[in-house]
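Each chain is listed here by its residues.
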Amino acid sequence: MPVSRRSFLHALSPAPAGPSSAFVAARGREAHAAEGASAPARRSAGVLLLDSNENPLGPGRAAMEALTRAFVDAGRYPTNARPSTADLREAIAHRVSVRPENVALGAGSWELLRSAVRLHASSARHLVTAAPTFEQPEKMAEQLGIGVRRVPVDKDGRIDLEATAQAARWAGLIFFCNPNNPTSTVHPARAVTEFVTRVRKESPDTAILIDEAYHDYVTDPGYATAVPLALEHPNVVVTRTLSKAYGMAGMRIGYAVGQPRAIENFNRWGITFNQNSLAVAAAVASLGDPAHIDAERARNTEARAFTTRFFQDLGCRVMDSQANFLFVETGRPAREFKEACARRGILVGRAFPPLDKSHARVSIGTVDEMQRAGVVIAEVLGAGRPVPAAASSPSRPPR
Amino acid sequence: MSFTRRAFVKTVGVGSAAFMAARRSAWAELLQAPAPARAPRPLLLHNNENPLGPGEAVLEAVRSALGQGGPAGRYPWDDVTQLHQAIADRFGVSPENVVTGCGSTQILREAVQIFTSPVKPLVAGQLTYEECAGYADLVGTPVRAIPLDRSLKLDLEAMADAARGAGVAFVNNPNNPTATLLSGDAMDAFIERVHTAAPDAVVLIDEAYHDYVTDPSHRTQIPRAVKDPRLVVARTFSKAHGMAGMRVGYAIGHPDTIKRLAWEGPNALNVAGIVAATASIKDEARLRRESARNMEARKFTLDWFSRAGFGGTDSQTNFIFVDIKRPAKGFRDACREQGVLVSRDFPPLEKSYMRISIGTLDEMKRAVDVFGNVLGVKAKAA
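Quick caveat, the model's predicted, so the values are computed rather than measured.

Caption draft 1: Representation of the overall build of chain B. Regarding its fold elements, chain B presents 14 helices and 11 strands. Across the 382 residues in chain B, those meeting the buried criterion constitute 56%. Counted over contacts in chain B with a minimum sequence separation of 6, partners at least 24 positions apart contribute 73%.

Caption draft 2: How the structure looks around the confidence of the model for chain A. Residues and elements named next belong to chain A. Residues with a pLDDT of 70 or more make up 85% of chain A, whose mean pLDDT is 88. Counting contacts from residues 1-39, a segment whose pLDDT is below 50, to residues more than four positions away or on other chains yields 101 contacts. Counting contacts from residues 384-399, a segment whose pLDDT is below 50, to residues more than four positions away or on other chains yields 32 contacts.

Caption draft 3: Spatial organisation of the domain arrangement of chain A. All names here are of chain A. Its domain assignment divides chain A into domain 1 (6-58 + 291-380) and domain 2 (61-289). For domain 1 versus domain 2, the separation of C-alpha centres amounts to 23 Å. Facing 32 residues of domain 1, the contacting portion of domain 2 comprises 31 residues. Going through the elements one at a time, α11 (290-313) and β10 (325-329) are the ones with two or more residues in the side of domain 1 that touches domain 2. In terms of residues, the side of domain 1 that touches domain 2 owes the most to one element, α11, which gives seven residues. Of the residues contributing to the side of domain 1 that touches domain 2, the split by class is 15 nonpolar, 11 polar and six charged.

Caption draft 4: Main features of the packing of α11 of chain A against helix α13 (residues 367-380) of chain A. All names here are of chain A. Between α11 and α13, the shortest axis-to-axis distance is 9 Å and the interhelical angle comes to 15°. Between α11 and α13, the angle falls in the class roughly parallel. Judged by the sense of rotation from one axis to the other, the crossing of α11 with α13 is right-handed. Contacts from Glu302, Ala303, Phe306, Thr307 and Phe310 of α11 reach α13 at Val367, Met370 and Gly374.

Caption draft 5: Representation of the sheet that holds strand β5 (residues 173-177) of chain A. Residues and elements named next belong to chain A. Pairing in this open sheet of seven strands is mixed, and the strands run β2-β8-β7-β6-β5-β3-β4 from one edge to the other. A single partner strand is all that each edge strand has here, and the edge strands are β2 (103-106) and β4 (148-152). In this sheet, neighbouring strand axes are inclined to one another by 25° on average, regardless of whether the strands run parallel or antiparallel. Alignment of strand β3 (residues 127-131) against β4, held across five bridges, turns out to be parallel. Directly across from Ala130, in β4, lies its bridge partner Val151.

What counts, and where the lines are drawn
Residues numbered from 1 in each chain as written. Chains lettered and ligands numbered in written order. Predicted model: local features only at pLDDT ≥ 70, side-chain atom pairs only at ≥ 80, totals over all residues. Helix = DSSP H or I, 4+ residues; strand = E, 2+ residues; numbered from the N terminus. Buried ≥ 20, exposed ≤ 12 C-beta atoms within 10 Å, placed from the backbone. Contact = placed C-beta atoms within 7 Å. pLDDT = per-residue confidence, 0-100. Domains from an automatic or database assignment. Nonpolar A, V, L, I, M, F, W, Y, C, P; charged D, E, K, R; others polar. Axes fitted to C-alpha atoms, helices over the stretch in contact; angles between N-to-C directions. Parallel < 35°, antiparallel > 145°, perpendicular 65-115°, else oblique. Left-handed = near helix turned anticlockwise from the far one by under 90°. Pairing = 2+ DSSP bridges.

In structure tokens:
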């Protein structure tokens, strides 16, 4: 086996206890929370982690180098460290072509999604979200006693923008995940612009949060970021994260882009000092190295195509993925599929109601990992077919 | 930088072996290059940081865990579980008694969020760490701000009186920015009074500077918090542990209370901080050395001010609160011009008091020269 997981265990002994329900909320934590308290430590030897939509390669080399150089400032608050949080805001602003006052930092975009619910929704003004989509906003709304309207995705897994716009009247906030987690589908720029324009006209006080967590993985040429819309409209905000293509899920860095007043509100509500000084250094370095994101996109695109073909060969319908995961119609309950895979050393995504009876979310690892996963998944799905060989790729080791 | 390169090259990370091999050698290569020279920066005596940062064992743990990059790319939930266990072990409690946050600041906010409301106010000192009151303002919780007593200590009697009907009574002990301590006996009596006056109120004690206390009358309230569902003790890795940049704090209390307090979960914690904290909590010896180091530098600085005719409170922290007999602003601006950063204003005492963090002894020797210039006193250091 070319890949060793030993490095993961380098400083870790097995976790003694399962996660508490407080873990439910995290992006990527879904797998464990939904399945109860019996989940074992994730990072065990040989276990393939296809459950949390992480970048299997981790941060780029520039990031790790900067992180270790920043050790000298581990004792300094991130405002005093060099680089500082101000430098990070500037690096992000530069990367997305806005000004630093258009950027708010979060301890992962998780924190920003929660702040958005507080800032815009209330017991009198509901949250509109999709079903299924990333649940953090609705979980926050539930914690605060705010009403939630869930709009089912269409048959192709796309967020139903028509029905969402209709549900938006009198709403405080619309959560629009593009590409959508877990269905992996994306709406093109034109549709997003039309949607925003329509909501702004029909329900001008409704804020729209467009979560572009998977932005860097999109290959659909019709797609474009909604950042220009966030700059143009006072109550449109775009969130991003460094947990996905940047490979820094452990570092907890997300950001929001919007008009300065909207951003100021996020900063006011944010956790004081919500950034780690080492992570800031890693992020600044990473943002200055766009080439490694292009490489990561190419790597993921290839592994995604391989895995999509694999499932299609097994006779499973796969939604059009523009992310680093697939939403697959396995024709059996997600929980059952997940447990069968877990018994064979592969963690896949949890159940996503209302599609939990028939679909599973599988994150994209490396091609090697997906080949290993394929053997197991074919077994679980009861197909005796051999796993198709992957196309040659730079991410495969020479044999 | 003193760490080894071996940690980077001795194991294989994730992903394809060839890809990772290329990445590894690239890191090793980069790390052989000299670190870029850094511009000198002012003395940072404004944020109560530990000037030495975390210990070598802590950095080694981070290096060892993240050196290959793998865990940095994974959500750190397994690691959080380990940290909770390590904290529980340190205090002889169970992980159910422990909650962690992105700094203790996150935990203080959560306490206000969960235990107060527009009809259940927050009671706090008028001059104390502001995180609780600041968050109370955001969520619409009224704040009963109780003035300090004449010795610039939190007025526990008045605070207990004000606790009737409150959601949270917040005590920072020792108190930032006044550096003053309330004895273990005084805290015991306060907790009992609040429980009697306000059976529903949670007493939240922030012991951020606990490891710097040298007064023998001090006692942590952690043992009591474990049994008392109306008492929570918050701590941080940002001060004596030297990890302000790592953003890890924790609180200890009764399992029922901790469960409610963990409102946001550990999602804001990053893996570098988690690994560092897990290592640091085990290193008691280093905390004692840090306290001794700080005590010497603190005494030197307070002695200097005293000889120069400026009195300070009895500091039990890594900062001092000094009556500089002039507005803080002018002093601060003048010090900045000479390369020393000191604290912001602390109303209502901003017309005469200044908070100065304690750096290394060498740093404080440099700093008092600047203070002497600014205050117009001749250097009298013996």
